[in-house]
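# Structure at a glance
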Amino acid sequence: MVDAKGRNMKCLTFFLMLPESVKSKSSKSSKKGNASGSSKLPPVCYEIITLRSKKKKKMAADIFPTKKPASTTTVQQYQQQNLNNNNTIQNCNWQGLYSTIRERNSVMFNNELMADVHFVVGQPGRTQRLPGHRYVLAVGSSVFHAMFYGELAENTDEIHIPDVEPAAFLAMLKYIYCDEIDLSADTVLATLYAAKKYIVPHLARACVNFLETSLSAKNACVLLSQSCLFEEPELTQRCWEVIDAQAELALRSEGFCDIDAQTLESILQRETLNAKEIVVFEAALSWAEAECQRQELTSSTDNKRKVLGKAMYLIRIPTMALDDFANGAAQSGVLTLTETNDIFLWYTAAKKPDLEFVSQPRKGLTPQRCHRFQSCAYRSNQWRYRGRCDSIQFAVDKRVFIAGFGLYGSSCGSAEYSAKIELKRQGVLLGQNLSKYFSDGSSNTFPVWFEYPVQIEPDTFYTASVVLDGNELSYFGQEGMTEVQCGKVTFQFQCSSDSTNGTGVQGGQIPELIFYA
């Protein structure tokens with residue numbers, strides 16, 4: 001393939017790998033014109049997606065690397081089911097044991113009985129030979145229908161599929177035969193690949209739902225890359241939501257170093273990235289070191305700069321704090337002497353030099369506040385703390401990220417408070433922080449932040465807690481609401497058994513939840 005600039009490009013094509021004999025049939029049939037145009041079979045599209053790649057053709061194991069051979073266990077489980085099925089059919093009237101066609105069809109899954117085709121799945125040296133039944137497969141997939149009953153169908157008893165992992169292929173077969181979806185974190189990406197390749201849309205949708213449910217800062221960058229590859233815009237949007245809100249966790253995750261260069265650039269140029277620029281810079285260097293290893297280059301500063309390429313200028317170095325630049329980026333070695341000098345002048349000189357780096361800070365995300373009380377008050381004998389815990393439970397109907405709490409301050413003039421805030425789910429600690437804040441004696445709320453925003457999943461109750469130490473008399477909320485609508489997010493509140501200082505739904509402390517959505 002030649003691109004617009006006349007460069008030779010290699011292509012990574014997947015979905016259906018046609019045998020050479022089929023290709024020769026195709027070329028012969030094209031010479032016959034439309035003589036067979038009266039066929040009632042629908043036209044079949046064999047090549048569904050073509051991906052440009054500058055590297056050699058990758059197999060599924062390269063695209064979806066696993067750190068542990070978990071798929072081996074999955075294959076063994078399916079092999080055991082194969083033994084069970086074979087034991088079942090020893091009964092000469094095994095069909096009578098099952099009342100529905102679905103149950104009888106399930107017996108044929110991974111079963112040699114009446115198998116009229118076999119698949120050799122996996123890379124050479126790690127293949128699995130799996131039985132199949134053409135009719136069942138053709139009913140479950142239009143690609144299999146084309147392979148076995150289409151105009152270019154080839155009557156072969158063994159089909160080699162080197163670009164799909166055995167565990168993923170078996171998971172797809174189990175769905176086709178048994179109408180059961182069996183996914184795991186180790187095989188879901190490879191299963192999505194198989195479902196896309198053989199056009200099994202409901203299984204593909206289940207894979208995407210599984211990925212969205214298990215999405216976190218640790219895997220968001222890798223899933224962003226794969227969601228673009230598989231053209232799943234909803235999953236892509238979910239990935240961006242996590243990356244934006246928990247940017248520093250995502251950038252420091254191990255998976256960030258595994259993304260491709262195009263995904264790296266899309267992240268570095270993100271306007272709503274909620275992270276310090278020094279963290280962005282350090283993450284880019286970590287990626288560059290990993291890329292040097294992938295390209296079998298020494299991890300020198302020159303090679304790191306080389307593999308980063310134009311992505312280097314997407315890091316907004318002039319927006320760093322001066323200390324971060326002087327102690328970090330300026331001494332990293334990846335900047336040229338001229339670039340370092342110009343950036344120092346940018347910080348200090350009245351006449352600033354022109355820079356190739358973006359000099360405008362990122363906008364980040366604007367925090368939203370959920371206020372659960374309709375009014376607040378103070379009395380001569382309330383609100384007292386004495387080291388006791390104020391706590392409330394809440395749930396949301398959409399995924400959000402809790403960045404901190406808004407807390408009341410002293411009702412007796414200005415005062416400083418020490419606050420220990422916690423966020424738990426079913427007793428498991430998700431986030432905590434110990435910090436101080438100053439209240440000016442007004443009834444306003446004062447923000448106290450977690451170190452990193454905490455991801456909150458919908459339809460599950462979480463426990464927000466705070467232990468305050470400071471002036472014994474403070475404001476407290478009253479006329480509390482059990483349900484609060486904040487933009488597109490609905491919060492529900494209920495009392496917590498962890499609360500030992502009187503806070504509940506109707507009144508007390510923790511008046512605000514600060515969040516990103």
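Residues numbered from 1 in each chain as written. Predicted model: local features only at pLDDT ≥ 70, side-chain atom pairs only at ≥ 80, totals over all residues. Heavy atoms only, no water.

As recorded in an unreviewed UniProt entry, the protein goes by the name BTB (POZ) domain containing 3b, listed as coming from Dicentrarchus labrax. Of the comments in the UniProt record for the protein, the one headed Function (unreviewed entry) reads "Adapter protein for the cul3 E3 ubiquitin-protein ligase complex. Promotes the export of zbtb16/plzf from the nucleus to the cytoplasm and targets zbtb16/plzf for ubiquitination and degradation. Up-regulates neurog1 expression and antagonizes zbtb16/plzf, to promote neurogenesis." UniProt lists a comment for the protein under the heading Subcellular location (unreviewed entry), and it reads "Cytoplasm". (UniProt positions renumbered as here; feature names shortened; annotations may be inferred.)

## Some words on the packing of helix 14 (residues 277–294) against helix 15 (residues 301–308)
Running from N to C, helix 14 and helix 15 cross one another at 100°; their axes reach a closest spacing of 9 Å. Judged on the interaxial angle alone, helix 15 and helix 14 are roughly perpendicular. For the pair formed by helix 14 and helix 15, the contact residues are Ala284, Leu285, Trp287, Ala288, Glu289, Glu291 and Cys292 on the first element and Asn303, Lys304, Val307 and Leu308 on the second. Classifying every residue of the contact of helix 14 with helix 15 by side-chain character gives seven nonpolar, one polar and three charged. (Axes fitted to C-alpha atoms, helices over the stretch in contact; angles between N-to-C directions. Helix = DSSP H or I, 4+ residues; strand = E, 2+ residues; numbered from the N terminus. Parallel < 35°, antiparallel > 145°, perpendicular 65-115°, else oblique. Contact = heavy atoms within 4.5 Å. Nonpolar A, V, L, I, M, F, W, Y, C, P; charged D, E, K, R; others polar.)

## A few points about the packing of helix 7 (residues 166–178) against helix 8 (residues 188–197)
Look at helix 7 against helix 8: their axes get within 8 Å of each other, and the N-to-C directions meet at 60°. As judged from the angle between their axes, helix 7 and helix 8 are oblique. The two elements helix 7 and helix 8 meet at a crossing, and its hand is right-handed. Across the interface between the two elements, Ala168, Ala171 and Met172 from helix 7 touch Ala190, Thr191, Ala194 and Ala195 from helix 8. Residue composition of the contact of helix 7 with helix 8, by class: six nonpolar, one polar and no charged. (Left-handed = near helix turned anticlockwise from the far one by under 90°.)

## So, the sheet that holds strand 8 (residues 389–396)
An order of 11-10-13-8-16-15 is seen for the six strands of this open sheet, with the pairing classed as antiparallel. The outermost strands of the open sheet, each flanked by one partner alone, are strand 11 (428–439) and strand 15 (483–486). Shown here is a sheet whose adjacent strand axes are inclined to one another by a mean of 25°, direction ignored. (Pairing = 2+ DSSP bridges.)

## Some words on the side chain of glutamate 212
Note on placement: glutamate 212 falls in helix 9 (residues 201–213). If sequence neighbours within four positions are ignored, glutamate 212 has contacts with Arg205, Glu234, Leu235, Arg238 and Arg399.

## A short note on the nonpolar core
One finds Phe119, Phe144, Phe169, Phe281 and Ile317 to be the most contacted residues of the largest nonpolar core, which totals 91 residues. Broken down by element, this core gets its largest block of residues, ten residues, from helix 14. Aside from chain neighbours lying at most four places away, what touches phenylalanine 281 is Met312, Ile315, Ile317, Met320, Ala329, Ser332 and Val334. Grouped together as the second largest cluster of nonpolar side chains are 36 residues, Cys370, Ala419, Leu423 and Leu513 included. (Core = buried A, V, L, I, M, F, W, Y, C linked by side-chain atoms within 4.5 Å. Buried < 20%, exposed > 50% of the residue type's maximum accessible area, 1.4 Å probe, protein only.)

## Focus: helix 14
A rise of 1.5 Å per residue sets the reference length of helix 14, with its 18 residues, at 26 Å; its end C-alpha atoms lie 26 Å apart and thus fit the reference within 8%. Extensive coverage of helix 14 is indicated by the burial of 13 of its 18 residues. Positive phi appears at glutamate 296, one or two residues downstream of helix 14, with a value of about 60°. (Expected span 1.5 Å × (residues − 1).)

## Digging into the packing of aromatic side chains
Under the definition given, this model contains 18 aromatic pairs. Taken together, a centroid distance of 6.4 Å and an interplanar angle of 40° make the contact between phenylalanine 394 and phenylalanine 491 tilted. Placement of the pair is phenylalanine 394 in strand 8 and phenylalanine 491 in strand 16 (residues 489–495), with a sequence separation of 97 residues. Grouping residues by exposure puts phenylalanine 394 and phenylalanine 491 together as buried. Ring geometry for tyrosine 417 and tyrosine 437: centres 5.6 Å apart, planes at 15°, overall stacked. A residue pair is termed long-range when its members are at least 10 positions apart, and tyrosine 417 in strand 10 (residues 415–425) and tyrosine 437 in strand 11 qualify at 20 residues. On the basis of relative accessibility, which here comes to 1%, the residue tyrosine 417 falls in the buried class. On the basis of relative accessible area, tyrosine 437 is assigned to the buried category, the value being 6%. (Phe/Tyr/Trp six-rings, centres within 6.5 Å; stacked < 30°, edge-to-face > 60°.)

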